[in-house]
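# Structural overview
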Amino acid sequence: MDYIFLLEKLILIVIVFTVTLVFAMYETWAERKVAGFIQDRYGPNRAGIFGLLQPVCDGAKLFSKEEFMPASSNKILFALGPSVAMIVSLLGSAVIPWAKEFVVFGYHFVPQVADVNVALLYVVAVLSTGVYGIVLGGWASGNKYSLIGSIRAGAQMISYEIAMGLALIALVMMTGSLSLREITEQQSGMAWNVFVQPLTFLIFLVCSFAECNRTPFDLAECESELVNGHHTEFSSMKMAFYMFSEYVSMFFSSALISVLFFGGYNYPGMDWVSENWGVNIANLLAVGSILAKTTFFVFFYMWIRWTIPRFRYDQLMRLGWKMLFPLALINIFIVGVVILIMKN
Amino acid sequence: MSIKNISLSGKKVEASRKKMSFLESIYFIAILKGMMITIRHFFKKKITVQYPEQKREFSPVYRGQHVLMRDQEGRERCTACGLCALACPAEAITMTAAERKKGEEHLYREEKYAAVYEINMLRCIFCGLCEDACPKEAIFLTKSQEMVKVGMDRESFIYGKDKLVVN
């Protein structure tokens, strides 16, 4: 029994890993494609049909680049930076429930790596660890631009985590559970949380942009001022790890948004499908459903990136502390009052 | 009227220093408006010209690669007077003159001809002044859309008579 359990989880981990990485790989392609389309261009379309082989070429290029190590840097920390960034952004997807439950020959198979009952807490913890990768890498580079970039990233992440945590509290007050599976189950049908708590969703969305270091909050990279921010001194696969971790965490946070606010793997008519077509088909559609929602949010990230210019540092801090933080507090208050009224 | 408010160009615009309202200061509406603009561009027709498959139309006064012309009887028109080299602002043209021998009348029109005629394509700016300067109507810039071939050495960019004279 235990062996089967282990094997099942191992297979699942490999699948989730692969899906995440392939998804991230094609995010780099999609980013360039979306950028192109928004700017009235085509984007990459030479390598393969629609340029679909572009990420493979990019990967091959990055592997064959010179591995540069600045003389003044702390070698261990320098290598640790991108590794931590990558590991942390991959950790998150462990708690995402991809579908309800497959039944194969009487064996129940739950497509979720770990159904932690404090999953939301775990997610917040993992997300805040992400800052280590950036700060370590930036500091170990021994370059002032990198250092400024990583300090900015650190300050930004800490500031926006507060509003993010508060937004999550408002959500948890309603769901009464920290488990992502339970939160998803509560949203079955079309009872998505976003209809109940649009303000919470908005705050969470803005904060997750900041957590992923995406435009308009990409002050850590900030090409026009800081060369390339925290990964200025990195080359070859180390640089690719930083870039990739950004895309992976984009995937993860999109998945998280769809789980928390858009019903996760739920889709309208899920019960009907499982009654008429069988449980497995319903679950396959469920996997498709969460992936479709995730893809939409990934597109949304890119859409925002090519629309809004970067915030100035003081604007960023003002938005975080003077707008989102009070807004999140007010939101908690409103949610509390509404829950109190509903109970009586 | 103080001197600060006078606009010499007539284009001076006074920047609005109005305080933003709360709604404006969370940028929400402005961002939505911006996103509508970008999504409209997303579905617009693309203006990229897919180069090797699709070539852009050149302007009617386009000047492409040079040719050295021959006359009706197939003789080279160039007499190596050097006026084109003199006119060339980029100093791309060099030539060596030679005297026509007996029995070469079917090759060269005048008694003097260019034994060597070279245009450095790295220097040429395709201005067409050589064409204007030529008294013998020997050099012309064609409408050929063929670009100068890419090379790794400088020698391959120096076009001699073998590439310039029309057959």
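Residues numbered from 1 in each chain as written. Chains lettered and ligands numbered in written order. Predicted model: local features only at pLDDT ≥ 70, side-chain atom pairs only at ≥ 80, totals over all residues.

## Focus on the overall build of chain A
In terms of regular secondary structure, chain A is built from 13 helices and 2 strands. Taken along the three principal axes of its C-alpha coordinates, chain A extends 60 × 50 × 45 Å. Taking all 344 residues of chain A together, the buried fraction comes to 44%. Look at the contacts in chain A between residues 6 or more apart in sequence, and 79% of them connect residues 24 or more apart. (Helix = DSSP H or I, 4+ residues; strand = E, 2+ residues; numbered from the N terminus. Buried ≥ 20, exposed ≤ 12 C-beta atoms within 10 Å, placed from the backbone. Contact = placed C-beta atoms within 7 Å.)

## A short note on the overall build of chain B
When helices and strands are tallied, chain B shows 5 helices and 5 strands. Listing every helix and strand of chain B by position from the N terminus yields α-α-β-α-β-β-α-β-β-α. On C-alpha atoms alone, chain B measures out to a radius of gyration of 29 Å, which is more than a quarter above the 15 Å that the 2.2 N^0.38 rule sets for 167 residues. In chain B, buried positions account for 13% of the 167 residues. Here the analysis covers contacts within chain B between residues at least 6 apart in sequence; of these, 72% occur between residues at least 24 apart. (Rg over C-alpha atoms; globule rule 2.2 N^0.38 Å.)

## A look at the sheet that holds strand E2 (residues 93–99) of chain B
All names here are of chain B. Overall, antiparallel pairing links the 3 strands, which are arranged E2-E3-E5 in an open sheet. Where the open sheet ends on each side, the last strands, each with one partner, are E2 and strand E5 (158–159). Relative to strand E3 (residues 112–120), E2 is paired through 7 bridges, and the arrangement is antiparallel. Paired with Ala97 across the two strands is Ala114, which belongs to E3. (Pairing = 2+ DSSP bridges.)

## Regarding the nonpolar core
Residue and element names in this part refer to chain A. Within the largest apolar cluster, 81 residues are counted, with the highest numbers of intra-cluster contacts made by Ala163, Ala167, Ile203, Cys207 and Phe251. In terms of residue count, the dominant contributor to this core is helix H10 (residues 236–261) (15 residues). Apart from the residues within four sequence positions on either side, Ala163 is in contact with Ile203, Cys207, Gly320, Leu324, Phe325 and Ala328. (Core = buried A, V, L, I, M, F, W, Y, C linked by C-beta atoms within 7 Å.)

## A few points about the packing of helix H1 (residues 2–38) of chain A against helix H2 (residues 54–63) of chain A
Residues and elements named next belong to chain A. Packing of H1 against H2 brings their axes to within 9 Å, and their N-to-C directions diverge by 105°. Viewed along their axes, H1 and H2 adopt a mutual orientation that is roughly perpendicular. Here Met25, Tyr26, Thr28 and Trp29 of H1 come into contact with H2, specifically with Gln54, Pro55 and Asp58. Here the residues of the contact of H1 with H2 are counted per class, giving 4 nonpolar, 2 polar and 1 charged. (Axes fitted to C-alpha atoms, helices over the stretch in contact; angles between N-to-C directions. Parallel < 35°, antiparallel > 145°, perpendicular 65-115°, else oblique. Nonpolar A, V, L, I, M, F, W, Y, C, P; charged D, E, K, R; others polar.)

## Side note on the interface of chain B and chain A
With 13 residues of chain B at the contact, the number on the chain A side is 10 residues. Looking at the side of chain B that touches chain A, the element that brings in the most residues is helix H2 (residues 28–42) of chain B, giving 7 residues. Per-class residue counts for the side of chain B that touches chain A are 6 nonpolar, 5 polar and 2 charged.

## Some remarks on the confidence of the model for chain B
Residue and element names in this part refer to chain B. On average, residues of chain B carry a pLDDT of 86, and 97% of them reach 70 or more. Taken element by element, chain B is modelled with least confidence in helix H1 (residues 22–25), mean pLDDT 74, and with most confidence in helix H3 (residues 83–87), mean pLDDT 92. Reported confidence for the predicted complex is 0.72 by ipTM and 0.79 by pTM. (pLDDT = per-residue confidence, 0-100.)

## So, the packing of helix H3 (residues 75–91) of chain A against helix H4 (residues 119–140) of chain A
All names here are of chain A. Running from N to C, H3 and H4 cross one another at 160°; their axes reach a closest spacing of 7 Å. With respect to their mutual orientation, H3 and H4 come out roughly antiparallel. The way H3 lies across H4 gives a crossing that is left-handed. Facing Leu77, Phe78, Leu80, Gly81, Pro82, Val84, Ala85, Val88, Ser89 and Leu91 of H3, the residues of H4 in contact are Val126, Thr129, Gly130, Tyr132, Gly133, Ile134, Leu136, Gly137 and Ala140. For the contact of H3 with H4, the per-class residue count stands at 13 nonpolar, 6 polar and no charged. (Left-handed = near helix turned anticlockwise from the far one by under 90°.)

## Things to note about H2(B)
Relative to the 21 Å expected for 15 residues at 1.5 Å per residue, H2(B) spans 21 Å between its end C-alpha atoms, a close match to the ideal helical length. Of all 15 residues in H2(B), 0 are buried, a share of ten percent or less. (Expected span 1.5 Å × (residues − 1).)

## Remarks on the confidence of the model for chain A
On average, residues of chain A score 84 in pLDDT, and 98% of them reach the 70 mark or higher. Ranking the helices and strands of chain A by mean pLDDT puts helix H13 (residues 313–343) of chain A first, with 88, and helix H9 (residues 223–226) of chain A last, with 70.

## Regarding unusual backbone geometry
Phi at A:Phe50 takes a positive value of approximately 60°, unusual for a residue other than glycine. In this fold, A:Phe50 is placed in the loop between H1 and H2. Although it is not a glycine, B:Ala80 sits at a positive phi angle of roughly 60°. Of note, B:Ala80 is situated in the loop between strand E1 (66–68) and H3.

## As for the environment of B:Glu118
Residue and element names in this part refer to chain B. Within the element layout of this structure, Glu118 appears in strand E3. For the pair Glu118 and Thr94, spaced 24 residues apart in the sequence, the C-alpha separation amounts to 5.3 Å. Residues in contact with Glu118, not counting those within four places in the same chain, are Thr94, Ile158, Tyr159 and Gly160.

## Re the pairing of E3(B)
Across 2 bridges, E3(B) lies against E5(B) in antiparallel orientation. Bridge pairing links B:Ile119 to B:Tyr159 in E5(B).

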